Amino acid sequence: MPIVRVALPVPLPQLFDYSSQDACGEDVGRCVRVPFGRGEKSGVIVALPAESDVDPARLKAVRHIQREVAPLPRDWLELVAFVARYYHAPLGEVIALALPPGLRRADAVSDRESDPLLDLSVDGHAALAEARRASRALALLGELRAAGVIRRSAARELPAGAALGDAMKRGWIVAVRGADPAMPAANRPELTDEQRAAVEAVSAGPEGFAPWLLQGVTGSGKTEVYLRLAERALAAGRQVLMLVPEIALTPQLESRVANRFPAACVVSLHSALAEGARSRGFVQALEGRADIVLGTRLSVFAPLPRLGLILVDEEHDASYKQQEGVRYSARDVAVWRAHQRKVPVVLGSATPSLESWQHARLARYRSLRLDARALASTLPTVRRIDARRLKLDEGLSPQLKTAIGERLARGEQSLVFLNRRGYAPVLSCPACGWVSQCPHCSANLVVHLADRRLRCHHCGCDTEVPHHCPVCSNQDIQPFGRGTQRVEARLVELFPEARVLRVDRDSARTRNQWESLLAQIASGEADILVGTQMMAKGHDFPQLTLVGVIGADASLHAADFRAPERLFQQLMQVGGRAGRAHLPGEVLIQTEYPDHPLYRCLVKHDFDAFAASALDERRAAGFPPFTFQAMLRADAPMLDDAMQFLAHARRLAQEMAPAGVRVFDAVPMRLTRLARRERAQLLVEADERAPLQGFIGAWIEVLRAQRTPRDLRWQLDVDPLEV
Ligand code: ADP
Ligand code: ZN
Ligand code: ZN
C-alpha cells in the first residue's frame, strides 16, 4: 500500500507517515485528514516515500484526501520548507499558518464559482437606447455602460447595484468571457516624469529576479507606480502579489485596485476574512484564476502559478513581522519568493527600513526615487515648537492652538497626533503614591474616561475607575499624563464650534467603524482630528492642512535601538498627511529637544541624512543590519524558571557556538510580566548569517530534547524586531 508522509501542525519538527490505498504522486501537496492520537488532525502530504521507519503493519490509514482542489505546487512546498528552515519552526506549523483553516481541514470548498465578468447584452443596449421610463435597472445599465466590462462583485457596488438581479433576469446583463484583465479603467492619470522613469526602469530591468527599493516621499504616487507595473504584468498574462501592512486600514487601496482593473479577478487575503472567503480566494490564486492577490503578511503564502511581480507597500512597517507563533517577516519572505520564482519585487516606502535602505546603498537592491509629490506642489513645511519655556494647555502649545484656530476659520482640517490612546496613562493617588497597576503585567492600567474604565493595553484586563484610592481611601485621585481622549476633551472646550473626531483603536475597533470614520473625515464632517499612528498610514485627506505632533520626545530616549527609526518613520508618515492635495500643508512638532538631529532631518524632509547617521550609530554599536541576531525567549509563572532555563540554554550555547557567534546573558524582558507570565530573553548574534543559522539549527535541536518545567514555554525569534 502506498505510504504518504504528512506535515501536521504539532510543535515538533517531524513528519508523520500514513498508509493510503489509492495515493499516487499527484497527491503530493494535497490536504489530508489523518487519525492522530485519539483524535484527528489535518495537514498536507509532502512526499510519497518508498518506505517508512515505522513498521508498515502499524501505519494508520489516512481518513480523507482533499482532491477537489488542485494540489499545492512544488514551489509552494519549497516556500514553506524555506520558512520552516530559516525561522527554525516545525514545517507542519508553517503550513498551518500558510493555509486557510477551511482548506487545511480538507473541508469541501463550498462556493467554487468565480466572480463572473458582466457586460450589457444586445437587449440591454436596446433597452437603454429606447428607455422611456426611468427605472433602477436602466440606471444600472447606464452605470455599467460607463464602467465597461466589470466583475459581478464590483457591479453590486455601483450606485444602482441593487438592481443587478432584476437586470440579469431580463437578460439585459450577461456574463461574458475573454475580457482582458490588464485593461485599465479609462480614467487613469498621466504619469509624472519620475513615475514614468520608475515604471520604465523596472520594465527594462533584468529578466528574472530583481529587487527594487522604491523610495518616494509621501504623496509622490507610489501606488500609481504599483498599478502601472501590475498592468504590465497582467498584460503579460502573469499574476501580481501585492502586500499591504494592514488591510483593515487600507480599504481605499482595495477599491483603487479593483476600480483600476475592472476585468481582473482581484482577491483579498487577510485574517479578518470569513473562513469561506479566505479559502475561496486562496483556491482562486492556486488555480491561477486570481489575477491580483492583495493582502496582509499572510498572503505572501498564496500559491501563484503565474506569478510575475511582487509589490510590498510600506515595506518598513513592523506589522510585516509576525510576533507570535512562527515569527516570520513577510517582507523578507517576499524577497526570497521573488528570487525563487525569478520575478521582480518592488519594496516601496517614504521611509524605508534601514535594512532595505542599506541594501539599496550597497546596490544589492536597485533604487527608484520619487522626490516630488504627484498632486501637491510641495511637501509640507515642518517647524519645531520649542516647548521648554512654554506653558502647555493639556499638552497644547499656544502656537498649535493658534494654528488650529486658523485652519478652523478657513474651513480646513487639523490633526493632533499623539501616539497614546486612552485618557491618561495612569491613575494615581497624590496622598499615598498608589498607582493603577495591572495585576497581571508589569504595566500601568490606562484611564479610559469615555467609558469610565481602567484598562491594560497589554493583557486587556479591564476594571471600573475607583471612586477613591484603594489603599488610603483618598477621594482625590488623579489621572496622570495624557492620551488622545484627554486632548480631545480639551479641544472640545477650546473650540466649541468645531467638530472634533478622535481616531484610535478605541474609536475604530472594527473595520466598519474605521471606514465610517474615514468617510466622515473625507466628506468634511470633522474639523479637528485627534489620532494615533492609525492616522499615519496611506490615507488621503484633501482638506487636512495641519498636523500638530505632541508627546513625541518620549521615543527619543527609549531603550530600544530601533525607537528613533520608528519615530522618524511615524512622524514623516503622519506629517505626510498634511497638504496632499492642492492646499499647502504644515507640520508643527512640539518638543523640548528642538536641536535633536532627528528633528533637524525631519524639518528638511531628509530621510537619507537620518538613515545615514542612524546606520553609522548602528555600525559603531554593532547592531543590525551590521550583525545578525536571534532571540531565545522564555516565559513562565515564575521569573526564576524562565531565567534558569535560559541560563541552561546559554551554557549549552557556549559549548557548541562556533567562533564568531556571540552569546549574551539572559535578562528579564523590559515588560517582564505579561498576562501573569514572567518573561526573559537571551540574545545570540553573529557578523554573518550562515554561521548563526547553522549554530541555531544545532542548538534548537538540543533545546527541544531538554526537560523543562511543565508551565514553561520558549520560542526562538530570528531577526527579532524587539530586543
Ligand atoms: P503615495 O502612496 O506615494 O503616498 P499616492 O499613490 O497615494 O501616494 O498618490 C498621492 C495622490 O496623488 C493620490 O491622490 C493620487 O491619486 C495622486 N496621483 C498619483 N499619481 C498621479 C499622477 N500621475 N497624476 C495625478 N495624480 C496622481
Ligand atoms: Zn492613596
Ligand atoms: Zn495587563
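Nothing here was measured: the structure is a model prediction, and the numbers come from that model.

**Looking at the pattern of salt bridges**
- Within this structure, the stated rule accounts for 55 salt bridges.
- Glutamate 254 is the salt-bridge partner of arginine 511, the closest N and O atoms lying 2.8 Å from each other. A residue pair is termed long-range when its members are at least 10 positions apart, and arginine 511 in helix H16 (residues 511–522) and glutamate 254 in helix H10 (residues 251–260) qualify at 257 residues.
- Residue glutamate 412 pairs with arginine 407 through a salt bridge whose shortest N-O separation is 3.7 Å.
- Residue class for glutamate 412 comes out buried when judged on its relative accessible area of 10%.
- On the basis of relative accessibility, which here comes to 4%, the residue arginine 407 falls in the buried class.
- Salt bridges linked by common partners bring Arg383, Glu406, Arg407, Arg410, Glu412 and Glu586 together as one network.

**What about the site of ligand 1?**
- By nearness alone, 18 residues border ligand 1, and Glu190, Gln195, Gly219, Lys222 and Asp540 come closest of all.
- Here an oxygen atom of ligand 1 sits 3.0 Å away from a polar atom, N or O, in the main chain of glycine 221.
- One nitrogen or oxygen atom from the side chain of lysine 222 is found 2.9 Å from an oxygen atom belonging to ligand 1.
- Burial of ligand 1 by the protein chains amounts to 80% of its free accessible area of 560 Å².
- Among the elements that take part in the shell around ligand 1, helix H9 (residues 222–235) stands out by supplying three residues, more than any other.
- Of the residues contributing to the shell around ligand 1, the split by class is five nonpolar, seven polar and six charged.

**Structural notes on empty space enclosed by the protein**
- Applying the stated criterion across every chain yields a total of three cavities of 30 Å³ or more.
- Looking at the largest cavity, its volume works out to about 120 Å³.
- Taken together, 14 residues form the lining of the largest cavity, with Val382, Met572, Gly575, Gly576 and His605 sitting closest to its centre.
- Only helix H17 (563–575) and strand E26 (586–591) provide two or more residues apiece to the lining of the largest cavity.
- Considering every element that reaches the lining of the largest cavity, the biggest residue donor is H17, with three residues.
- Taken together, the residues that form the lining of the largest cavity break down as ten nonpolar, four polar and no charged.
- Estimates place the volume of the second largest cavity at around 60 Å³.

**Focus: the sheet that holds strand E29 (residues 677–686)**
- Spatial ordering of the open sheet is given by E28-E29-E27-E30, a layout of four strands whose pairing is antiparallel. Two strands bound the open sheet, and with one partner strand each, they are strand E28 (661–674) and strand E30 (713–718). In this sheet, adjacent strand axes meet at a mean angle of 20° when their direction is disregarded.
- Pairing analysis gives nine bridges linking strand E27 (residues 628–636) to E29, with the strands arranged antiparallel. Bridging across to E29, phenylalanine 628 finds its partner in alanine 686.
- Most of the contacts of helix H20 (residues 639–656) go to E28, to which it runs at about 170°, and overall it touches E27, E28, E29 and E30.

Thresholds applied
- Residues numbered from 1 in each chain as written.
- Chains lettered and ligands numbered in written order.
- Predicted model: local features only at pLDDT ≥ 70, side-chain atom pairs only at ≥ 80, totals over all residues.
- Heavy atoms only, no water.
- Salt bridge = Lys/Arg side-chain N within 4 Å of Asp/Glu carboxyl O.
- Helix = DSSP H or I, 4+ residues; strand = E, 2+ residues; numbered from the N terminus.
- Buried < 20%, exposed > 50% of the residue type's maximum accessible area, 1.4 Å probe, protein only.
- Near = heavy atom within 4 Å.
- Polar contact = N/O pair within 3.5 Å; in protein donor to acceptor, adjacent residues only side chain to side chain.
- Areas by Shrake-Rupley, 256 points an atom, 1.4 Å probe, with all protein chains shown as cover.
- Nonpolar A, V, L, I, M, F, W, Y, C, P; charged D, E, K, R; others polar.
- 1 Å grid on protein atoms, 1.4 Å probe; cavity = no way out; pocket = protein on both sides within 12 Å on 5 of 7 lines; lining within 4 Å.
- Points joined across faces, edges and corners; volume = space filled by probe spheres on them.
- Pairing = 2+ DSSP bridges.
- Axes fitted to C-alpha atoms, helices over the stretch in contact; angles between N-to-C directions.
- Contact = heavy atoms within 4.5 Å.

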